[in-house]
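Close look at the chain arrangement
Chain by chain, the residues:
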Amino acid sequence: SATLLILLSIGGSVIFRKFRTDFSVGIFLGIVVVMSQQMIVLFSVFIDRANNTTNRSEKDIDNALASFFLFLFVIYTVFAFLLFNFRDKIIRDPSAATKYDPNLENDQASMGI
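First, a word on what this report is: a plain description of the structure on this page. (Residues numbered from 1 in each chain as written. Predicted model: local features only at pLDDT ≥ 70, side-chain atom pairs only at ≥ 80, totals over all residues. Heavy atoms only, no water.)

1. Thoughts on the overall build of the protein chain
- The helix and strand tally for the protein chain stands at 5 helices and 0 strands.
- In sequence order, the protein chain lays out its α and β elements as α-α-α-α-α.
- For the protein chain, restricting intrachain contacts to residue pairs at least 6 apart in sequence, the fraction spanning at least 24 positions comes to 65%.
- For the protein chain, the exposed surface amounts to about 8100 Å²; the carbon and sulfur share of it is 64%. (Helix = DSSP H or I, 4+ residues; strand = E, 2+ residues; numbered from the N terminus. Contact = heavy atoms within 4.5 Å. Areas by Shrake-Rupley, 256 points an atom, 1.4 Å probe, with all protein chains shown as cover.)

2. Digging into the nonpolar core
- Grouped together as the largest cluster of nonpolar side chains are 18 residues, with contacts concentrated most on M39 and Y76.
- Of all the secondary-structure elements, those providing two or more residues to this core are α1 (2–17), α2 (22–52) and α3 (56–85).
- Leaving out residues up to four positions away in the same chain, Y76 has contacts with L5, L8, V32, S36 and M39. (Core = buried A, V, L, I, M, F, W, Y, C linked by side-chain atoms within 4.5 Å. Buried < 20%, exposed > 50% of the residue type's maximum accessible area, 1.4 Å probe, protein only.)

3. A word on the environment of F71
- Mapped onto the fold, F71 is located in helix α3.
- Take F71: its relative accessible area is 52%, and that puts it in the exposed class.
- Once the C-alpha coordinates of F71 and F43 are considered, the two residues, 28 residues apart in sequence, prove to be 9.3 Å apart.

As structure tokens, then:
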């Protein structure tokens, strides 16, 4: 689970910096939704463990982890909602950077502005 969270962070950084196409943002959105659902499943697992254990220290740890996973569920859900609502502003048209406009000055036309 922790490895997936780290890979999600690295992958999200790469997507937002280099590959802001509709396909890659859509894949990233799907992965964020899946991770959100995984957090709610882990929350329910640790709540059940906390309720069924007799060891006090295990109960405290399980409750802490359940709270953490609930927090992550809320964060990922809000992020997925925002990413879905603002995906049109995030997605960069890949053909816009390669269009040539002869009416622009040479410096601007070569940069794709």
